[in-house]
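Architecture and fold: a report
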Amino acid sequence: MDLVTRYVAAVQRELPENKRDEIGRELSANIMDQLDSLADQQGRLTEADIAAVLKQMGRPRTVAQQFVPPQPLIRLSYMPLYQYTLYMVLGILFPLQVLETTMTWLSSTDMGLVRYLFGLAGGFLNDAIFGFASITAAFWLMSRQPADHSAACNTDWQPMQLPDAGPGWQHISLQDIFTDLATYAFLLVVIWYPVWMPAEQLASLRFIVSDQAHQFLKWASLLAVLGIAASLWQLRQRFWSRQMLLGNIALNLALVIATLTLAASSPLINTEAAQWQAVFNLEQLERSAMFTLIVIAMFPLWEVGRDVIRLRNM
Amino acid sequence: MTTAQLDKMRLELRRGVLVLAVLASLKQPHYGYSLRKQLQGRGIDIDEGTLYPLIRRLADQGLLDSEWRQGEGRERRYYQLSDLGATLLEQLTDEWRVLNAALDSLLDIATEESN
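An account of the accompanying structure is given in this report. (Residues numbered from 1 in each chain as written. Chains lettered and ligands numbered in written order. Predicted model: local features only at pLDDT ≥ 70, side-chain atom pairs only at ≥ 80, totals over all residues.)

We now examine the overall build of chain B. Across its full length, chain B carries 4 helices and 3 strands. Its helices and strands in sequence order give chain B the pattern α-β-α-α-β-β-α, from N to C terminus. Relative to its 115 residues, chain B shows a buried fraction of 20%. For chain B, the proportion of contacts with a sequence separation of at least 24, taken over those separated by at least 6, is 40%. (Helix = DSSP H or I, 4+ residues; strand = E, 2+ residues; numbered from the N terminus. Buried ≥ 20, exposed ≤ 12 C-beta atoms within 10 Å, placed from the backbone. Contact = placed C-beta atoms within 7 Å.)

Put into C-alpha coordinates, the structure is as follows:
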(Lines give C-alpha, C1' and ligand atoms only; values in the text may rest on other atoms or scores of the structure.)
Protein backbone atom coordinates (compact mmCIF):
# COMPACT_ATOMS: atom_id res chain seq x y z
CA MET A 1 0.00 0.00 0.00
CA ASP A 2 3.06 2.20 0.01
CA LEU A 3 2.39 2.96 -3.67
CA VAL A 4 -1.10 4.28 -2.88
CA THR A 5 0.25 6.49 -0.08
CA ARG A 6 2.92 7.87 -2.42
CA TYR A 7 0.36 8.42 -5.19
CA VAL A 8 -2.06 10.27 -2.89
CA ALA A 9 0.80 12.38 -1.52
CA ALA A 10 1.85 13.27 -5.08
CA VAL A 11 -1.71 14.38 -5.87
CA GLN A 12 -1.89 16.38 -2.64
CA ARG A 13 1.31 18.26 -3.50
CA GLU A 14 -0.45 19.62 -6.61
CA LEU A 15 -3.51 20.82 -4.66
CA PRO A 16 -4.09 24.10 -2.79
CA GLU A 17 -3.13 23.67 0.84
CA ASN A 18 -6.66 24.10 2.21
CA LYS A 19 -7.97 21.20 0.11
CA ARG A 20 -5.11 18.73 0.47
CA ASP A 21 -6.32 16.79 3.52
CA GLU A 22 -9.95 16.46 2.45
CA ILE A 23 -9.30 15.44 -1.16
CA GLY A 24 -6.38 13.18 -0.20
CA ARG A 25 -8.52 11.39 2.35
CA GLU A 26 -11.35 10.86 -0.11
CA LEU A 27 -9.08 9.85 -2.98
CA SER A 28 -7.34 7.33 -0.77
CA ALA A 29 -10.69 5.81 0.26
CA ASN A 30 -11.82 5.58 -3.39
CA ILE A 31 -8.58 3.90 -4.50
CA MET A 32 -8.74 1.40 -1.62
CA ASP A 33 -12.33 0.52 -2.61
CA GLN A 34 -11.21 -0.06 -6.17
CA LEU A 35 -8.29 -2.23 -5.05
CA ASP A 36 -10.57 -4.23 -2.72
CA SER A 37 -12.92 -4.90 -5.61
CA LEU A 38 -10.01 -6.01 -7.79
CA ALA A 39 -8.69 -8.24 -5.01
CA ASP A 40 -12.13 -9.89 -4.77
CA GLN A 41 -11.83 -10.83 -8.44
CA GLN A 42 -8.13 -11.69 -8.68
CA GLY A 43 -7.07 -12.65 -5.17
CA ARG A 44 -3.97 -11.13 -3.59
CA LEU A 45 -2.75 -8.05 -5.48
CA THR A 46 0.86 -7.54 -6.46
CA GLU A 47 2.68 -4.19 -6.63
CA ALA A 48 2.30 -4.38 -10.42
CA ASP A 49 -1.52 -4.72 -10.11
CA ILE A 50 -1.66 -1.68 -7.83
CA ALA A 51 0.63 0.28 -10.15
CA ALA A 52 -1.64 -0.57 -13.11
CA VAL A 53 -4.71 0.75 -11.25
CA LEU A 54 -2.88 3.97 -10.30
CA LYS A 55 -1.59 4.41 -13.84
CA GLN A 56 -5.13 4.09 -15.14
CA MET A 57 -6.26 6.83 -12.77
CA GLY A 58 -3.84 9.24 -14.42
CA ARG A 59 -0.84 11.39 -13.54
CA PRO A 60 -1.06 12.90 -10.05
CA ARG A 61 -1.02 16.41 -11.54
CA THR A 62 -3.89 15.59 -13.93
CA VAL A 63 -5.95 14.06 -11.12
CA ALA A 64 -5.31 17.13 -8.93
CA GLN A 65 -6.43 19.39 -11.79
CA GLN A 66 -9.62 17.36 -12.17
CA PHE A 67 -10.45 17.99 -8.52
CA VAL A 68 -9.39 21.65 -8.56
CA PRO A 69 -9.36 22.91 -12.15
CA PRO A 70 -6.69 25.59 -12.70
CA GLN A 71 -8.10 29.11 -12.85
CA PRO A 72 -7.14 31.17 -15.91
CA LEU A 73 -5.06 34.24 -15.08
CA ILE A 74 -7.75 36.45 -16.62
CA ARG A 75 -11.44 35.59 -16.64
CA LEU A 76 -12.71 34.72 -20.13
CA SER A 77 -15.41 37.42 -20.01
CA TYR A 78 -12.70 40.07 -19.42
CA MET A 79 -10.56 38.96 -22.39
CA PRO A 80 -12.00 41.35 -25.05
CA LEU A 81 -11.66 44.30 -22.64
CA TYR A 82 -8.16 43.15 -21.67
CA GLN A 83 -7.03 42.95 -25.31
CA TYR A 84 -8.59 46.33 -26.10
CA THR A 85 -6.87 47.97 -23.10
CA LEU A 86 -3.55 46.43 -24.13
CA TYR A 87 -3.87 47.75 -27.69
CA MET A 88 -4.86 51.21 -26.47
CA VAL A 89 -2.07 51.53 -23.92
CA LEU A 90 0.61 50.12 -26.23
CA GLY A 91 -0.74 52.31 -29.03
CA ILE A 92 -0.42 55.43 -26.87
CA LEU A 93 3.04 54.42 -25.61
CA PHE A 94 4.37 54.11 -29.18
CA PRO A 95 3.83 57.74 -30.32
CA LEU A 96 5.08 58.94 -26.92
CA GLN A 97 8.23 56.87 -27.37
CA VAL A 98 8.63 58.27 -30.90
CA LEU A 99 8.45 61.79 -29.41
CA GLU A 100 10.97 61.04 -26.68
CA THR A 101 13.50 59.22 -28.91
CA THR A 102 13.23 61.81 -31.68
CA MET A 103 13.97 64.63 -29.24
CA THR A 104 16.96 62.71 -27.88
CA TRP A 105 18.12 62.03 -31.44
CA LEU A 106 17.86 65.66 -32.49
CA SER A 107 19.60 66.99 -29.39
CA SER A 108 22.43 64.44 -29.61
CA THR A 109 25.55 65.06 -31.68
CA ASP A 110 26.65 61.43 -32.02
CA MET A 111 23.38 59.53 -32.49
CA GLY A 112 23.02 58.05 -35.97
CA LEU A 113 19.88 56.65 -37.65
CA VAL A 114 20.68 53.08 -36.56
CA ARG A 115 21.08 54.14 -32.94
CA TYR A 116 17.85 56.11 -33.24
CA LEU A 117 15.98 53.02 -34.47
CA PHE A 118 17.52 50.83 -31.73
CA GLY A 119 16.70 53.50 -29.15
CA LEU A 120 13.11 53.65 -30.39
CA ALA A 121 12.70 49.84 -30.37
CA GLY A 122 14.42 49.43 -26.99
CA GLY A 123 12.52 52.28 -25.34
CA PHE A 124 9.17 51.06 -26.66
CA LEU A 125 9.93 47.48 -25.59
CA ASN A 126 10.78 48.71 -22.11
CA ASP A 127 7.54 50.69 -21.81
CA ALA A 128 5.53 47.90 -23.45
CA ILE A 129 6.77 45.28 -20.96
CA PHE A 130 5.90 47.55 -18.04
CA GLY A 131 2.49 48.36 -19.57
CA PHE A 132 1.76 44.70 -20.33
CA ALA A 133 2.72 43.59 -16.81
CA SER A 134 0.69 46.36 -15.12
CA ILE A 135 -2.45 45.76 -17.21
CA THR A 136 -2.22 41.98 -16.76
CA ALA A 137 -1.80 42.40 -12.99
CA ALA A 138 -4.83 44.74 -12.84
CA PHE A 139 -7.01 42.30 -14.80
CA TRP A 140 -5.71 39.40 -12.71
CA LEU A 141 -6.88 41.23 -9.57
CA MET A 142 -10.27 41.95 -11.21
CA SER A 143 -10.59 38.27 -12.15
CA ARG A 144 -10.06 37.24 -8.53
CA GLN A 145 -13.25 39.10 -7.51
CA PRO A 146 -16.55 37.14 -7.52
CA ALA A 147 -18.18 37.09 -10.98
CA ASP A 148 -21.05 39.49 -11.61
CA HIS A 149 -23.55 37.31 -13.45
CA SER A 150 -25.86 40.24 -14.15
CA ALA A 151 -23.16 41.64 -16.48
CA ALA A 152 -23.67 38.64 -18.78
CA CYS A 153 -27.13 39.90 -19.75
CA ASN A 154 -26.32 43.63 -19.62
CA THR A 155 -28.83 45.99 -21.12
CA ASP A 156 -26.77 49.20 -21.33
CA TRP A 157 -26.67 49.22 -25.14
CA GLN A 158 -29.11 49.88 -27.95
CA PRO A 159 -29.29 47.99 -31.25
CA MET A 160 -30.03 51.35 -32.95
CA GLN A 161 -26.61 52.64 -31.90
CA LEU A 162 -24.80 49.92 -33.85
CA PRO A 163 -22.89 51.19 -36.93
CA ASP A 164 -23.99 50.26 -40.45
CA ALA A 165 -23.08 46.78 -41.64
CA GLY A 166 -20.51 48.00 -44.15
CA PRO A 167 -17.53 46.22 -45.72
CA GLY A 168 -14.61 45.16 -43.52
CA TRP A 169 -12.42 48.17 -44.38
CA GLN A 170 -14.94 50.53 -42.77
CA HIS A 171 -13.75 49.45 -39.35
CA ILE A 172 -10.63 51.52 -38.55
CA SER A 173 -7.95 49.43 -36.89
CA LEU A 174 -6.16 50.75 -33.81
CA GLN A 175 -2.85 49.89 -35.47
CA ASP A 176 -3.57 52.30 -38.37
CA ILE A 177 -4.58 55.08 -36.00
CA PHE A 178 -1.53 54.79 -33.77
CA THR A 179 0.84 54.47 -36.75
CA ASP A 180 -0.58 57.75 -38.11
CA LEU A 181 -0.30 59.40 -34.69
CA ALA A 182 3.35 58.33 -34.37
CA THR A 183 4.14 59.62 -37.90
CA TYR A 184 2.55 63.03 -37.29
CA ALA A 185 4.24 63.32 -33.86
CA PHE A 186 7.60 62.51 -35.50
CA LEU A 187 7.07 65.17 -38.18
CA LEU A 188 6.10 67.83 -35.64
CA VAL A 189 9.14 67.16 -33.47
CA VAL A 190 11.53 67.13 -36.44
CA ILE A 191 10.11 70.41 -37.79
CA TRP A 192 9.78 72.35 -34.54
CA TYR A 193 12.53 71.00 -32.31
CA PRO A 194 15.32 73.04 -33.99
CA VAL A 195 13.43 76.23 -33.01
CA TRP A 196 14.19 75.56 -29.32
CA MET A 197 17.59 74.01 -29.93
CA PRO A 198 20.70 75.88 -28.64
CA ALA A 199 22.66 77.53 -31.47
CA GLU A 200 25.82 75.45 -31.00
CA GLN A 201 23.79 72.23 -31.11
CA LEU A 202 21.94 73.41 -34.21
CA ALA A 203 25.22 74.07 -35.96
CA SER A 204 26.48 70.56 -35.28
CA LEU A 205 23.51 68.77 -36.91
CA ARG A 206 24.67 66.43 -39.64
CA PHE A 207 21.86 67.20 -42.09
CA ILE A 208 19.91 70.37 -42.21
CA VAL A 209 17.33 71.83 -44.57
CA SER A 210 17.61 75.34 -45.97
CA ASP A 211 15.97 78.23 -44.11
CA GLN A 212 13.44 78.63 -46.92
CA ALA A 213 12.47 74.93 -46.79
CA HIS A 214 12.31 74.98 -42.99
CA GLN A 215 10.02 78.01 -43.11
CA PHE A 216 7.75 76.13 -45.54
CA LEU A 217 7.76 73.05 -43.29
CA LYS A 218 6.66 75.14 -40.31
CA TRP A 219 3.58 76.24 -42.25
CA ALA A 220 3.01 72.71 -43.49
CA SER A 221 3.18 71.37 -39.92
CA LEU A 222 -0.37 72.66 -39.56
CA LEU A 223 -1.35 69.63 -41.65
CA ALA A 224 0.34 67.34 -39.10
CA VAL A 225 -1.71 68.99 -36.34
CA LEU A 226 -4.86 68.40 -38.40
CA GLY A 227 -3.71 64.80 -38.92
CA ILE A 228 -3.38 64.29 -35.15
CA ALA A 229 -6.86 65.75 -34.64
CA ALA A 230 -8.25 63.42 -37.35
CA SER A 231 -6.53 60.39 -35.76
CA LEU A 232 -7.97 61.25 -32.35
CA TRP A 233 -11.42 61.58 -33.94
CA GLN A 234 -10.93 58.19 -35.63
CA LEU A 235 -10.03 56.76 -32.23
CA ARG A 236 -13.43 57.92 -31.00
CA GLN A 237 -15.46 56.81 -34.03
CA ARG A 238 -13.51 53.74 -35.26
CA PHE A 239 -15.70 53.63 -38.39
CA TRP A 240 -15.22 55.31 -41.78
CA SER A 241 -18.20 57.51 -42.67
CA ARG A 242 -18.51 59.50 -45.93
CA GLN A 243 -17.56 62.70 -44.10
CA MET A 244 -14.50 61.11 -42.51
CA LEU A 245 -13.39 59.70 -45.86
CA LEU A 246 -13.81 63.12 -47.49
CA GLY A 247 -11.81 64.70 -44.66
CA ASN A 248 -9.06 62.11 -45.08
CA ILE A 249 -8.93 62.66 -48.84
CA ALA A 250 -8.64 66.44 -48.32
CA LEU A 251 -5.90 66.04 -45.70
CA ASN A 252 -3.87 63.57 -47.79
CA LEU A 253 -4.30 65.70 -50.92
CA ALA A 254 -2.99 68.73 -48.98
CA LEU A 255 -0.03 66.62 -47.81
CA VAL A 256 0.71 65.56 -51.42
CA ILE A 257 0.53 69.16 -52.66
CA ALA A 258 2.70 70.43 -49.78
CA THR A 259 5.34 67.70 -50.30
CA LEU A 260 5.47 68.18 -54.08
CA THR A 261 5.61 71.98 -53.68
CA LEU A 262 8.53 71.56 -51.31
CA ALA A 263 10.20 69.14 -53.77
CA ALA A 264 9.86 71.73 -56.55
CA SER A 265 11.35 74.52 -54.45
CA SER A 266 15.04 75.33 -54.24
CA PRO A 267 17.29 75.37 -52.32
CA LEU A 268 16.23 72.42 -50.15
CA ILE A 269 19.61 71.84 -48.52
CA ASN A 270 21.49 74.38 -46.43
CA THR A 271 24.60 75.34 -48.39
CA GLU A 272 26.52 75.55 -45.09
CA ALA A 273 26.18 71.82 -44.49
CA ALA A 274 29.84 71.53 -45.31
CA GLN A 275 30.41 68.07 -43.85
CA TRP A 276 28.08 66.52 -46.45
CA GLN A 277 29.84 68.19 -49.35
CA ALA A 278 32.94 66.13 -48.71
CA VAL A 279 31.04 63.13 -50.11
CA PHE A 280 28.39 64.63 -52.42
CA ASN A 281 28.22 67.95 -54.22
CA LEU A 282 25.30 70.27 -53.49
CA GLU A 283 23.56 69.54 -56.77
CA GLN A 284 23.49 65.81 -56.02
CA LEU A 285 22.15 66.48 -52.54
CA GLU A 286 19.41 68.74 -53.90
CA ARG A 287 18.38 66.14 -56.49
CA SER A 288 18.34 63.34 -53.86
CA ALA A 289 16.20 65.45 -51.53
CA MET A 290 13.78 66.21 -54.35
CA PHE A 291 13.38 62.54 -55.33
CA THR A 292 12.99 61.53 -51.68
CA LEU A 293 10.17 64.07 -51.28
CA ILE A 294 8.47 62.78 -54.44
CA VAL A 295 8.61 59.22 -53.07
CA ILE A 296 7.24 60.43 -49.71
CA ALA A 297 4.36 62.16 -51.56
CA MET A 298 3.37 58.80 -53.07
CA PHE A 299 2.17 57.49 -49.67
CA PRO A 300 -0.59 60.08 -49.07
CA LEU A 301 -1.34 59.96 -52.81
CA TRP A 302 -1.95 56.23 -52.56
CA GLU A 303 -4.32 56.87 -49.62
CA VAL A 304 -6.17 59.49 -51.70
CA GLY A 305 -6.70 56.93 -54.49
CA ARG A 306 -7.78 54.25 -52.04
CA ASP A 307 -10.26 56.54 -50.29
CA VAL A 308 -11.73 57.82 -53.58
CA ILE A 309 -12.47 54.20 -54.61
CA ARG A 310 -13.96 53.49 -51.19
CA LEU A 311 -16.11 56.61 -51.39
CA ARG A 312 -17.45 55.61 -54.80
CA ASN A 313 -18.32 52.12 -53.49
CA MET A 314 -20.21 53.38 -50.44
CA MET B 1 -15.59 12.40 -39.05
CA THR B 2 -12.44 11.37 -37.19
CA THR B 3 -12.47 9.30 -34.00
CA ALA B 4 -11.08 12.29 -32.09
CA GLN B 5 -13.98 14.49 -33.26
CA LEU B 6 -16.51 11.81 -32.34
CA ASP B 7 -14.94 11.35 -28.90
CA LYS B 8 -15.04 15.11 -28.29
CA MET B 9 -18.70 15.37 -29.26
CA ARG B 10 -19.65 12.33 -27.21
CA LEU B 11 -17.91 13.90 -24.24
CA GLU B 12 -19.84 17.15 -24.72
CA LEU B 13 -23.12 15.24 -25.11
CA ARG B 14 -22.52 13.22 -21.94
CA ARG B 15 -21.26 16.07 -19.76
CA GLY B 16 -24.65 17.57 -18.91
CA VAL B 17 -26.39 14.21 -18.74
CA LEU B 18 -23.90 12.88 -16.19
CA VAL B 19 -24.98 15.49 -13.64
CA LEU B 20 -28.55 14.30 -14.01
CA ALA B 21 -27.48 10.64 -13.73
CA VAL B 22 -25.41 11.30 -10.58
CA LEU B 23 -28.17 13.34 -8.91
CA ALA B 24 -30.74 10.66 -9.71
CA SER B 25 -28.49 7.90 -8.34
CA LEU B 26 -27.84 9.74 -5.11
CA LYS B 27 -31.42 9.56 -3.90
CA GLN B 28 -29.83 6.70 -1.93
CA PRO B 29 -26.54 7.29 -0.10
CA HIS B 30 -23.43 6.12 -1.92
CA TYR B 31 -19.70 6.46 -1.54
CA GLY B 32 -17.59 7.21 -4.62
CA TYR B 33 -16.78 3.68 -5.73
CA SER B 34 -20.26 2.26 -5.06
CA LEU B 35 -21.82 5.10 -7.07
CA ARG B 36 -19.50 4.37 -9.97
CA LYS B 37 -20.47 0.69 -9.86
CA GLN B 38 -24.17 1.52 -9.75
CA LEU B 39 -23.87 3.81 -12.77
CA GLN B 40 -21.88 1.16 -14.62
CA GLY B 41 -24.58 -1.38 -13.81
CA ARG B 42 -27.12 0.95 -15.44
CA GLY B 43 -25.00 1.30 -18.58
CA ILE B 44 -23.36 4.62 -17.76
CA ASP B 45 -19.62 4.08 -17.73
CA ILE B 46 -17.85 7.02 -16.18
CA ASP B 47 -14.17 7.14 -15.28
CA GLU B 48 -13.12 7.98 -11.74
CA GLY B 49 -11.26 11.10 -12.90
CA THR B 50 -14.61 12.59 -13.97
CA LEU B 51 -16.93 11.14 -11.35
CA TYR B 52 -15.11 11.89 -8.08
CA PRO B 53 -14.43 15.58 -8.83
CA LEU B 54 -18.02 15.92 -10.13
CA ILE B 55 -19.49 14.63 -6.85
CA ARG B 56 -17.31 17.01 -4.86
CA ARG B 57 -18.38 19.93 -7.07
CA LEU B 58 -22.06 19.10 -6.61
CA ALA B 59 -21.52 18.84 -2.84
CA ASP B 60 -19.73 22.22 -2.82
CA GLN B 61 -22.79 23.68 -4.58
CA GLY B 62 -25.00 22.37 -1.79
CA LEU B 63 -26.79 19.84 -3.99
CA LEU B 64 -25.43 16.88 -2.02
CA ASP B 65 -25.01 16.21 1.69
CA SER B 66 -22.00 14.20 2.74
CA GLU B 67 -20.65 12.45 5.82
CA TRP B 68 -17.73 10.21 6.69
CA ARG B 69 -18.73 6.75 7.95
CA GLN B 70 -16.70 3.77 9.15
CA GLY B 71 -17.40 0.46 7.43
CA GLU B 72 -15.52 -2.72 6.57
CA GLY B 73 -12.51 -1.48 8.52
CA ARG B 74 -12.21 1.72 6.52
CA GLU B 75 -13.72 5.20 6.44
CA ARG B 76 -15.74 6.26 3.42
CA ARG B 77 -17.41 9.48 2.46
CA TYR B 78 -21.08 8.94 1.72
CA TYR B 79 -23.06 11.35 -0.45
CA GLN B 80 -26.82 11.83 -0.67
CA LEU B 81 -29.11 14.27 -2.41
CA SER B 82 -29.80 17.39 -0.28
CA ASP B 83 -33.18 19.17 -0.25
CA LEU B 84 -31.83 21.71 -2.71
CA GLY B 85 -30.49 18.88 -4.86
CA ALA B 86 -33.87 17.10 -4.79
CA THR B 87 -35.66 20.24 -5.99
CA LEU B 88 -33.12 20.76 -8.74
CA LEU B 89 -33.33 17.12 -9.79
CA GLU B 90 -37.09 17.45 -10.19
CA GLN B 91 -36.69 20.53 -12.40
CA LEU B 92 -33.88 18.97 -14.43
CA THR B 93 -35.90 15.80 -14.91
CA ASP B 94 -38.80 17.79 -16.39
CA GLU B 95 -36.38 19.64 -18.62
CA TRP B 96 -34.76 16.39 -19.73
CA ARG B 97 -38.13 14.81 -20.59
CA VAL B 98 -39.19 17.78 -22.72
CA LEU B 99 -35.82 17.83 -24.49
CA ASN B 100 -35.79 14.09 -24.95
CA ALA B 101 -39.28 14.07 -26.50
CA ALA B 102 -38.35 16.90 -28.85
CA LEU B 103 -35.08 15.22 -29.81
CA ASP B 104 -36.78 11.86 -30.34
CA SER B 105 -39.22 13.40 -32.78
CA LEU B 106 -36.39 15.25 -34.57
CA LEU B 107 -34.28 12.10 -34.81
CA ASP B 108 -37.26 10.10 -36.08
CA ILE B 109 -37.78 12.64 -38.87
CA ALA B 110 -34.06 12.53 -39.72
CA THR B 111 -34.13 8.72 -39.85
CA GLU B 112 -37.25 8.69 -42.08
CA GLU B 113 -35.69 11.22 -44.46
CA SER B 114 -32.47 9.26 -44.75
CA ASN B 115 -34.41 6.05 -45.58
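Attention now goes to the interface of chain A and chain B. Opposite the 11 residues of chain A that make contact, chain B presents 11 residues. For the side of chain A that touches chain B, the secondary structure elements donating two or more residues are α2 (17–42) and α4 (60–67) of chain A. It is α2(A) that contributes the most residues to the side of chain A that touches chain B, 6 residues altogether. Across the side of chain A that touches chain B, the residue classes break down as 5 nonpolar, 4 polar and 2 charged. (Nonpolar A, V, L, I, M, F, W, Y, C, P; charged D, E, K, R; others polar.)

Looking now at the pairing of strand β3 (residues 74–81) of chain B. All names here are of chain B. In this sheet, β3 lies alongside strand β1 (residues 30–31) in antiparallel orientation, the contact comprising 2 bridges. Bridging across to β3, His 30 finds its partner in Tyr 79. Relative to β3, strand β2 (residues 64–71) runs antiparallel, the two being bridged by 8 bridges. Among the inter-strand pairings, Ser 66 is bridged to a residue of β3, identified as Tyr 79. The hairpin turn running from β2 into β3, its antiparallel successor, is 2 residues long, and Glu 72 in that turn takes a positive phi close to 50°. (Pairing = 2+ DSSP bridges.)

With antiparallel pairing, 3 strands are arranged side by side in an open sheet as β1-β3-β2 (chain B). With one partner strand each, in any of the chains shown, β1 and β2 of chain B form the two edges of the open sheet.

Moving on to unusual backbone geometry. Residues and elements named next belong to chain A. Cis geometry is found at the peptide bond from Ser 266 to Pro 267, where omega equals 5°. Locating Pro 267 in the fold gives a position in the loop between α10 (242–264) and α11 (274–277). The phi angle at Arg 238 is positive, at roughly 60°, despite the residue not being glycine. Turning to its location among the elements, Arg 238 is positioned in the loop between α9 (211–237) and α10. A count of 13 C-beta atoms within 10 Å places Arg 238 in the partly exposed class.

Glancing now at the nonpolar core. Core analysis: the biggest nonpolar cluster contains 15 residues, and Val22(B), Leu23(B), Leu26(B), Ile55(B), Leu58(B), Leu64(B) and Leu81(B) have the highest contact counts within it. Residue assignment for this core shows that the elements contributing at least two residues are α1 (3–25), α2 (32–41), α3 (48–60) and β3 of chain B. A per-element tally of this core places α3(B) first, with 4 residues. Ignoring sequence-local partners within four residues, the contact set of Ile55(B) consists of Val22(B), Gly32(B), Leu64(B) and Tyr79(B). Core analysis: the next-biggest nonpolar cluster, separate from the first, contains 13 residues, Tyr7(A), Leu27(A), Ile31(A) and Leu54(A) among them. (Core = buried A, V, L, I, M, F, W, Y, C linked by C-beta atoms within 7 Å.)

Moving on: α4(A). Buried within α4(A) we find Pro60(A), Val63(A), Ala64(A), Gln66(A) and Phe67(A). The buried residues of α4(A) occupy an angular sector of 155° when the element is viewed end-on, so they sit on one face. The outward face of α4(A), more than 90 degrees from its buried face, is lined by the exposed residues Arg61(A) and Thr62(A). Check the buried side of α4(A) and you find it contacts α1 (2–13), α2 and α3 (47–57) of chain A together with α3 of chain B. (Arc of directions from axis to C-beta.)

Let us look at the environment of Ala213(A). All names here are of chain A. Inspection of the secondary structure puts Ala 213 in helix α9. Counting along the chain gives 57 residues from Ala 213 to Asn 270, while the straight-line C-alpha distance between them is 9.0 Å. Apart from the residues within four sequence positions on either side, Ala 213 is in contact with Leu 262, Ser 265 and Leu 268.

Let us look at the packing of α2(A) against α3(A). Residues and elements named next belong to chain A. Axis separation between α2 and α3 bottoms out at 11 Å; the angle between their running directions is 135°. By the angle between their directions, the pair α2 and α3 is classed as oblique. Regarding α2 and α3, the two cross each other, and that crossing is right-handed. Where α2 approaches α3, its residues Gln 34, Leu 35, Leu 38 and Gln 42 are matched on the opposing element by Asp 49, Ile 50 and Val 53. (Axes fitted to C-alpha atoms, helices over the stretch in contact; angles between N-to-C directions. Parallel < 35°, antiparallel > 145°, perpendicular 65-115°, else oblique. Left-handed = near helix turned anticlockwise from the far one by under 90°.)

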